[in-house]
Amino acid sequence: MIHTRLAVLVLLALQGAASYAGEAVVSAQYLEGTWSLDGKAGCGSNAARIVVFHNNGTLEVADGGEVNRLGFWRVVKDTIVANTLTKPAERENYHPFFGDSYRYEYVTPTVVKAEKDAFTLSIGSDLEKEKREVTLTRCP
């Protein structure tokens, strides 16, 4: 009987540790700085996709050296909550709702893995058909 109770306690402890380990929580201080979506090589490239998290709670997203999204961000547990404004791109001119206008977006990517100089986000919602993961690498 005592062995059964001990085994149950060990299993419960391992399950709790595994579920905690699966949640990659990052802080605002960790995120502050410049991150590349194109790996370390993107940090020095004018063609790279870059995200800059400023310590005042604002962010910039650039593609090919041109900022195309600005917004505000904060961290809630393992989620980055961002309210952004995206400038129109030429490829969006056909869209009947957006056309040449700026687009507001509320995005909440989840951090699924965090290391010293890189972290992976899960982007998409349960309502979407498919989620995707992207990895950002810290730039010096």
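Just above, that's the structure.
**Notes on the overall build of the chain**
Across its full length, the chain carries 3 helices and 9 strands. When the helices and strands of the chain are placed in sequence order, the string is α-α-β-α-β-β-β-β-β-β-β-β. The burial tally for the chain puts 29% of its 140 residues in the buried class. When the accessible surface of the chain is split by element, carbon and sulfur atoms take 57% of a total near 9700 Å².

**A word on the side chain of Arg69**
If you trace the backbone, Arg69 turns up in strand β4 (residues 66-76). For Arg69, the side chain forms a polar contact with the side chain of Glu105, separated by 2.7 Å. Among all residues touching Arg69, those that are not within four sequence positions of it are Leu59, Glu60, Val61, Thr84, Leu85, Thr86, Arg103, Glu105 and Val107.

**Remarks on the pairing of strand β1 (residues 33-36)**
Both β1 and strand β2 (residues 49-53) contribute to a ladder of 4 bridges, which runs antiparallel. Note that in β2 the partner of Thr34 across the bridge is Val52. Here β1 runs beside strand β9 (residues 132-138); their pairing, made up of 2 bridges, is antiparallel. Bridge pairing in β9 places Trp35 opposite Arg138.

**Focus: the pairing of strand β5 (residues 79-86)**
The buried fraction of β5 is high, at 6 of 8 residues. Summarising the sheet, β4 and β5 pair through 8 bridges and their orientation is antiparallel. Of the residues in β5, the one forming a bridge with Val76 is Thr79. In this structure, the hairpin formed by β4 and β5 is closed by a connection of 2 residues, where Lys77 is found at a positive phi of approximately 55°.

**Structural notes on the nonpolar core**
Of all hydrophobic cores here, the largest spans 15 residues; its most connected members are Leu31, Phe53, Ile80, Phe119, Leu121 and Leu136. Of all the elements in the fold, those that place two or more residues in this core are α2 (28-31), β2, β5, β8 (118-123) and β9.

What counts as what
Residues numbered from 1 in each chain as written. Predicted model: local features only at pLDDT ≥ 70, side-chain atom pairs only at ≥ 80, totals over all residues. Heavy atoms only, no water. Helix = DSSP H or I, 4+ residues; strand = E, 2+ residues; numbered from the N terminus. Buried < 20%, exposed > 50% of the residue type's maximum accessible area, 1.4 Å probe, protein only. Areas by Shrake-Rupley, 256 points an atom, 1.4 Å probe, with all protein chains shown as cover. Polar contact = N/O pair within 3.5 Å; in protein donor to acceptor, adjacent residues only side chain to side chain. Contact = heavy atoms within 4.5 Å. Pairing = 2+ DSSP bridges. Core = buried A, V, L, I, M, F, W, Y, C linked by side-chain atoms within 4.5 Å.

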